[in-house]
Amino acid sequence: MMKGLKKWRLFSMLTALMIFLAGCGDEHLSTLTPAGQVGRDQLDLMILSTAIMVLVIIVVMIVYIIAIVKFRRSKLGEDFMPKQVEGNHTLEIIWTTVPIILLLILTVPTVIATYELADTKGMDKKDENGNNTALTVNVEANLYWWEFEYPDLGIVTAQELVVPTGEKVYFNLKAADVKHSFWIPAAGGKLDTNVDGINTFFLDFDNPSDTLEDGVFYGKCAELCGPSHALMDFKVKTLDREDFNAWAKDMKASADQAAPATAVAQEGQEIFEQSCIACHAVSGAGTAGSVGPNLATFGDRNRVAGYLKHNEENIKAWINDPQEFKPGNRMPQPEDLPGRNGKALTDQELDALTEYLMGLSVEE
Amino acid sequence: MSSIAQKKGFGATLWDYLTTVDHKKIAILYLITGGFFFIVGGIEAMLIRIQLLKPDNDFVAAGLYNEIITMHGTTMIFLAAMPLLFGFMNAAVPLQIGARDVAFPFLNSLGFWMFFFGGIFLNLSWFLGGAPDAGWTSYASLAISSPGHGIDFYALGLQISGGGTLIAGINFLVTIINMRAPGMTYMRMPLFTWSTFVVSALILFAFPPLTVGLFLMIFDRMFGANFFDHTMGGNTIIWEHLFWIFGHPEVYILILPAFGIFSEIFSTFSRKRLFGYSAMVFATVLIGFLGFMVWAHHMFTTGLGATANAIFAVATMAIAVPTGVKIFNWLLTMWGGSITFTTPMLYAVGFIPSFVAGGVTGIMQASAPLDYQLHDSYFIVAHFHYVIVGGVVLGLLAGLHYYWPLMFNTMLNEKLGKITFWLFFLGFHLTFFIQHFLGLLGMPRRVFTYGADQGWDLFNAISSYGAIFMAAGVIVLIVNIVMTIAKNVPVGRDPWGDGRTLEWAIPQPVPFYNFKQIPLVRGLDTYWIEKQEGNTEGMTFAEPIGDIHMPNNSIIPFIMSLGLFVGAFGALYNGEQPWAIPVLGLGLIITFAAMATRSLKDDLGYHIHKEDLLNEKGGKH
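Everything quoted here is computed from the prediction, not taken from an experiment.

Asker: I tried to follow the overall build of chain A on my own but got confused; where do I start?
Answerer: When you go through chain A residue by residue, the secondary structure sums to 9 helices and 12 strands. Taken against the 2.2 N^0.38 rule, which gives 21 Å for 364 residues, the C-alpha radius of gyration of chain A at 27 Å runs more than 25% over that of a compact globule. Principal-axis analysis of the C-alpha atoms places the extent of chain A at approximately 95 × 60 × 40 Å. In chain A, of all internal contacts separated by at least 6 residues, the share reaching a separation of at least 24 is 70%.

What follows is the structure, encoded as structure tokens:
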């Protein structure tokens, strides 16, 4: 796409150098290291606009510096009386038309890209069997977690988006409670999740994310949504198409997961089924709209609660006092959970629950 | 109210200021109140930067942080920048056009007191259960679901102070249309008067959408309506439109007067007529006009669709053209001039690169697909601080030093003024330049903290240290102000020596009736013309000395505004306290009774008689 912009690759290289010098940030998070075509198109526009703007700044600064160096009263003498010039029509015309031309240079690729990035017709394309050819993910943003439903595959997950590489992935975005905004900086620009309606766009990823530092891209909520807005992170795992298909199959199969292996984990399962399952599903097969994040892939995840390091200590700390970590989130304190009758979780119960949760996995 | 200056007790001075309808005293009221809120907003800014100094900081809690950012933005825009600009408009515009006062002195006072009580009401939220916490934009879904009364304080406080702003805007429109001295044609008006004129028109059209939006919000939150509740058929995007139809012109309402102040300063301290005056006027009007066509560029990521985004992207880019015209005309004003680097001129010279940087990042964000990346990241935080601090605040500080002798007949210390400038200017760039890169590296705005090792730690620390320099600059400024007031050395007429416009031609201290005789304006930069011709009076007069009609002081504006302030508490606690509706009624009764008194009781003002004027020395020449 955007063949007209190809020649700006030269600028890309120049800027790549500039960015290298400035430190281009983390590959899994920075907009300057795009992970796919959408991000690259946007970076190209950034480079083009920066180049034009730097040109403008240089011209302004040359006139500016000469003016303030050459025409100071300390040099010209106290009595110097400047000529009272009214203006100059030629100059006015020059500095009106030149900016217009510069802006037109930016306007054309801007308008083209605006339409191209909004083109989600591919979403409804069907193969001969009537199945959608492209992958669509329904994203539902909740106070402070993300749900990802794959309607064509009949699976659902949370907090960690899994997508195939090398193809356009389409997103239907909406919010369950207040407005949020779905942003994967490395992949491309954000789009708001509104409460009133569904927004649609697409992103794409070139490579599997397992080469990245954390093995995932970082996703952010970009619209102020309450006290824990800053903590409403999610992660994106990209797999090549084969691995993705395998993952989807495993997800679908997670409905009939084997019973936990150890006695401790079985105890954890009992607690879970008594107190947690009302909100958290443990099967990846299903549809969107659950009260709490789906936990089918919990053991495979990169983070606890979307942002804490994924270790047993943090899982226990989180379950024990979710409000301490994400103020304003909707998860009840342990003593308020069904069947607890006001009793907090004992250390032993926390250990059991943690072991059970860590065992929830669809990856081998 | 007597024409003879005399020592007054504190009580009498206070009463004088509570009842004054004199534009010069109202200017001082705006300056003091706006200055106070500027300090409050600045302290909030420092708390933000302390919190973000290091990753995973717990200096302020998550919810409190949102209250601080909301109040920082709201305070700086509505309660600091706008009132300070109104202060300078009141101080300078009537004098610049050769008027004895604004067209509606009573409304001028009412406008100030409504702003004052609205601002106090909003800030009382800190002590009455928590400040608003949905950002200064107060997007509807979050605002509606926000617990407590913070958003109620926001909606009611802004409604009251917004009314004051609307009144002030109408007043300046009428003043500039009707009260110009003979010979002061539109194309002879100083640029600051022109920008005040355009801005007043913007206020007239931009504030009603905010008023509507705020009323819908008030009804939703306090009286059970569902305008923004999508489950009941409401729609939250409507708030975004209403807010930005107001909000985008609002930033031009802030920047255009600053442009006006800088135009005066460039011309004065280059000892040269403003280059391309008519192009400057046209550019000002065009910016004001285009300012209403671009609001949806704040909503590129809302999902309005490609066509809307493309149209608003192109419209937004168009604004760069008249703005560029202004920049080049300022440069050419300096070119060939005789530049002296007084403190106001330092601010003006510092403004050019700062504002150009803010302008070009604005163009980058006008490119909608690129904005999908930049929107709501720290890039936008950097951009609007470059425009608002690098443009508006530098303009305010320049104006403060420039107009101080006009307002107080003393001069702020130049050495301290320059120290303030350098601290503030360097601190500003140190704080905000690096934030562009934070945005590009994926840091969203309005985050109360951030995890370590996302590549943001160092840049945030640099940004926070920069803020310390800005704070130090403001502290030096306060010291400067206190010292100048304590020393109280009068400076007389035309203290800058190169004054060009009518306000500098008036003997200092400015008599309360401004002009003993209304001047005859003979061209652009009328005082300059008179000076060149060796006229020691500073102006040619259009009339012989005669009786001057003056308005009476009045406490009614204060009481009217107080009624709204009282009534707002009733609305706020509606459905929660049994006394809420009676208090709402009481407040409205106070306001309506004050209005009735004003309508039914004739107040014809008084005359200063010719004989008294002839005896009056009216300051030294």
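Asker: Would you take a moment to explain the overall build of chain B for this structure?
Answerer: What chain B contains, in helices and strands, is 20 helices and 4 strands. Relative to a compact globule of 621 residues, whose C-alpha radius of gyration would be 25 Å, chain B shows 24 Å and is just as compact. Referenced to the eigenvectors of the C-alpha coordinate spread, the extents of chain B come out at roughly 70 × 60 × 45 Å. Among the 621 residues that make up chain B, the fraction classed as buried is 61%. Of the contacts made within chain B by residues no fewer than 6 positions apart, 83% connect residues no fewer than 24 positions apart.

Asker: How should I be thinking about the interface of chain A and chain B in this particular structure?
Answerer: The interface is formed by 79 residues belonging to chain A together with 75 residues belonging to chain B. Elements that contribute at least two residues to the side of chain A that touches chain B include exactly α2 (37-70), α3 (73-76), α4 (89-117), β6 (180-184), β7 (188-193) and β9 (217-221) of chain A. For the side of chain A that touches chain B, a count of residues per class yields 44 nonpolar, 21 polar and 14 charged.

Asker: Is there a simple way to think about the confidence of the model for chain A in this case?
Answerer: Detailed reading of predicted coordinates is not advised where the pLDDT is low. With 93% of its residues at a pLDDT of 70 or more, chain A has an overall mean of 90. Of all the helices and strands in chain A, helix α1 (residues 9-22) of chain A carries the lowest mean pLDDT, 56, while β6(A) carries the highest, 97.

Asker: I tried to follow the pairing of β6(A) on my own but got confused; where do I start?
Answerer: Along any regular strand the residues' side chains alternate between the sheet's two faces. All names here are of chain A. In terms of burial, β6 is a largely internal element, 5 of the 5 residues being buried. Every second residue of β6 is oriented toward a common face, with H180, F182 and I184 on one face and S181 and W183 on the other, all of them buried. Inspection of the sheet shows β6 paired to β7 by 4 bridges, in the antiparallel sense. Within β7, the residue paired with F182 across the bridge is L191. From the end of β6 to the start of β7, which pair antiparallel, there are 3 residues. In the sheet, β6 pairs with β9 via 2 bridges, with the strands oriented antiparallel. When the bridges of β9 are listed, F182 appears paired with C221.

Asker: Looking at this model, I keep getting lost on unusual backbone geometry. Mind explaining?
Answerer: Leave glycine aside and you will find that most residues have negative phi; peptide bonds, for their part, are mostly trans. Residue and element names in this part refer to chain B. Residue P509 is reached from Q508 by a cis peptide bond, and omega for that bond is -10 degrees. Mapped onto the secondary structure, P509 falls in the loop between α16 (457-487) and β1 (519-520). Phi angles above zero are rare outside glycine, and D56 is one such case at about 55 degrees. Inspection of the secondary structure assignment puts D56 in the loop between α2 (23-51) and α3 (62-96). Of the residues examined, D56 has 9 C-beta atoms within 10 Å and is grouped as exposed. You will see that D494, though not glycine, has its phi angle at about 45 degrees, which is positive. When the 20 C-beta atoms within 10 Å are taken as the criterion, D494 is described as buried.

Asker: So what exactly am I meant to see when it comes to the sheet that holds strand β4 (residues 160-164) of chain A here?
Answerer: Sheets are built from strands paired through backbone hydrogen bonds, the pairs being either parallel or antiparallel. All names here are of chain A. With mixed pairing, 5 strands are arranged side by side in an open sheet as β4-β10-β9-β6-β7. The strands lining the two open edges of the sheet, one partner per strand, are β4 and β7. Direction aside, the axes of adjacent strands within the sheet are offset by 25 degrees on average. In this fold helix α5 (residues 241-253) packs onto β4 and β10 (234-239), with an angle of close to 130 degrees to the strand it touches most, β4.

Asker: How should the packing of α2(B) against helix α4 (residues 105-124) of chain B be read in this particular structure?
Answerer: A pair of packed helices is captured by two measures, namely the crossing angle of their axes and the spacing between those axes. Residue and element names in this part refer to chain B. At a minimum axis separation of 10 Å, α2 and α4 run at an interaxial angle of 15 degrees. When the interaxial angle is binned, α2 and α4 end up roughly parallel. With respect to the hand of their crossing, α2 and α4 are arranged in left-handed fashion. Side by side, α2 and α4 meet where H23, I26, L29, Y30, T33 and F37 of the first sit next to N108, S109, F112, F116 and G119 of the second. Of the residues belonging to the contact of α2 with α4, the class tally is 6 nonpolar, 5 polar and no charged.

Asker: Please explain the confidence of the model for chain B as it appears in this structure.
Answerer: Residue and element names in this part refer to chain B. Mean pLDDT over chain B: 94, with 98% of residues reaching 70 or higher. The low-confidence segment residues 1-5 (pLDDT under 50) makes 5 contacts with residues lying over four places distant or belonging to another chain. Across the interface, the model reports ipTM at 0.92; the global pTM reads 0.94.

Asker: Please explain the nonpolar core as it appears in this structure.
Answerer: It is characteristic of soluble globular proteins that their nonpolar side chains tend to be buried jointly. Residue and element names in this part refer to chain B. Ranked by internal contacts, the top residues of the largest apolar core, which has 311 residues, are A81 and F262. For this core, the element with the most residues is helix α14 (residues 378-408), which contributes 22 residues. Filtering out sequence-adjacent residues up to four positions away, F262 remains in contact with W330, A348, F351, G395 and A398.

Asker: Is there a simple way to think about α14(B) in this case?
Answerer: One full turn of an α-helix is made of 3.6 residues, so residues set three or four places apart face in the same direction. Residues and elements named next belong to chain B. At Y402, α14 shows its strongest bend, of approximately 40 degrees, with the proline P405 following within four residues. Burial analysis of α14 places 30 of its 31 residues in the buried class, which makes it a mostly covered element. In the stretch just after α14, N409 is the one whose phi turns positive, near 60 degrees.

Asker: Please clarify how the pairing of strand β8 (residues 199-204) of chain A should be interpreted in this entry.
Answerer: Residues and elements named next belong to chain A. Most of β8 is tucked away, with 5 of its 6 residues classed as buried. Pairing analysis gives 6 bridges linking strand β5 (residues 168-175) to β8, with the strands arranged antiparallel. By the bridge assignment for β8, N172 is matched with T200.

Asker: Can you help me understand the packing of helix α11 (residues 320-334) of chain B against helix α12 (residues 343-366) of chain B in this one?
Answerer: All names here are of chain B. Here α11 crosses α12 at 165 degrees, and the two axes come no closer than 11 Å. Put simply, α11 runs roughly antiparallel to α12. Read as a crossing pair, α11 and α12 show a hand that is left-handed. For the pair formed by α11 and α12, the contact residues are A320, T323, I327 and W330 on the first element and I352, V356, G359 and I363 on the second. Considering only residue class, the contact of α11 with α12 consists of 6 nonpolar, 2 polar and no charged.

Asker: Just checking my understanding: could you explain the sheet that holds β5(A) for this structure?
Answerer: Residues and elements named next belong to chain A. Read from one edge of the open sheet, 5 strands run β3-β2-β1-β5-β8, paired in mixed fashion. Sheet topology places β3 (155-158) and β8 at the edges, where each strand pairs with a single neighbour. Neighbour-to-neighbour, the strand axes of this sheet turn through a mean angle of 25 degrees, independent of strand direction.

Asker: Quick question: what am I supposed to make of the environment of B:A155 here?
Answerer: Residues and elements named next belong to chain B. For A155, the position within the fold is in helix α6 (residues 150-178). Residue classification places A155 among the buried residues on the basis of 26 C-beta atoms within 10 Å. Residues A155 and G213 lie 58 residues apart in sequence; the distance between their C-alpha atoms is 9.0 Å. Discounting residues that sit within four places of it in the chain, A155 has contacts with L214, M217, I218 and R221.

Asker: When you look at the environment of B:V392 in this model, what are you seeing that I'm missing?
Answerer: Residue and element names in this part refer to chain B. Among the structural elements, V392 can be located in helix α14. Taking C-alpha positions, V392 is 23 Å from Y154, a pair spaced 238 residues apart along the chain. Setting aside anything within four residues of it in sequence, one finds V392 in contact with A81, L254, I255 and A258.

Asker: So what exactly am I meant to see when it comes to the environment of A:G189 here?
Answerer: Relative to the assigned elements, A:G189 resides in strand β7. Separated by 150 residues in the primary sequence, A:G189 and A:G39 have C-alpha atoms spaced 7.0 Å apart. Non-local contacts of A:G189, meaning those with residues more than four positions away in its chain, are made with A:Q42, B:P369, B:Y372 and B:Q373.

Parameters and conventions
- Chains are numbered independently. Their residues run from 1 in the order of the written sequence.
- Chain A is the first chain written and ligand 1 is the first ligand written, with later ones labelled in order.
- Restriction of local features to residues with pLDDT of at least 70 applies here, the model being predicted, together with a cutoff of 80 or more for giving and counting side-chain atom pairs; totals for whole chains, interfaces and linings are based on all residues.
- By definition, any uninterrupted DSSP run of H or I lasting at least four residues is a helix, any uninterrupted run of E lasting at least two residues is a strand, and each is numbered from the N terminus.
- For the radius of gyration, the atom set is restricted to C-alpha positions; the globular benchmark scales as 2.2 Å times the number of residues to the power 0.38.
- Residue pairs are scored as contacts if the distance between their C-beta atoms, which are placed from the backbone, is within 7 Å.
- The exposure label follows from counting other C-beta atoms within 10 Å of a residue's C-beta, where the C-beta atoms are placed from the backbone and the thresholds are 20 or more for buried and 12 or fewer for exposed, leaving partly exposed in between.
- Under the grouping applied here, Gly and all other residues not named as nonpolar or charged are polar, the nonpolar ones being Ala, Val, Leu, Ile, Met, Phe, Trp, Tyr, Cys and Pro and the charged ones Asp, Glu, Lys and Arg.
- As a per-residue quantity, pLDDT reports the predictor's confidence and falls between 0 and 100.
- Two strands are counted as paired when DSSP detects at least two bridges linking them.
- Interaxial angles span 0 to 180 degrees and are taken between N-to-C directions of axes, which are lines fitted to C-alpha atoms, for helices over the stretch in contact.
- Angles are sorted into four bins: roughly parallel if under 35 degrees, roughly antiparallel if over 145, roughly perpendicular if 65 to 115, and oblique for all others.
- Handedness of a crossing follows from how the near helix is turned relative to the far one, being left-handed for an anticlockwise turn of less than a right angle and right-handed for a clockwise one.
- Here, a nonpolar core denotes buried Ala, Val, Leu, Ile, Met, Phe, Trp, Tyr and Cys residues that are linked to one another through C-beta atoms within 7 Å.
- Throughout, bend refers to the angle between the axes fitted to the seven residues that end at a position and the seven residues that start at it.

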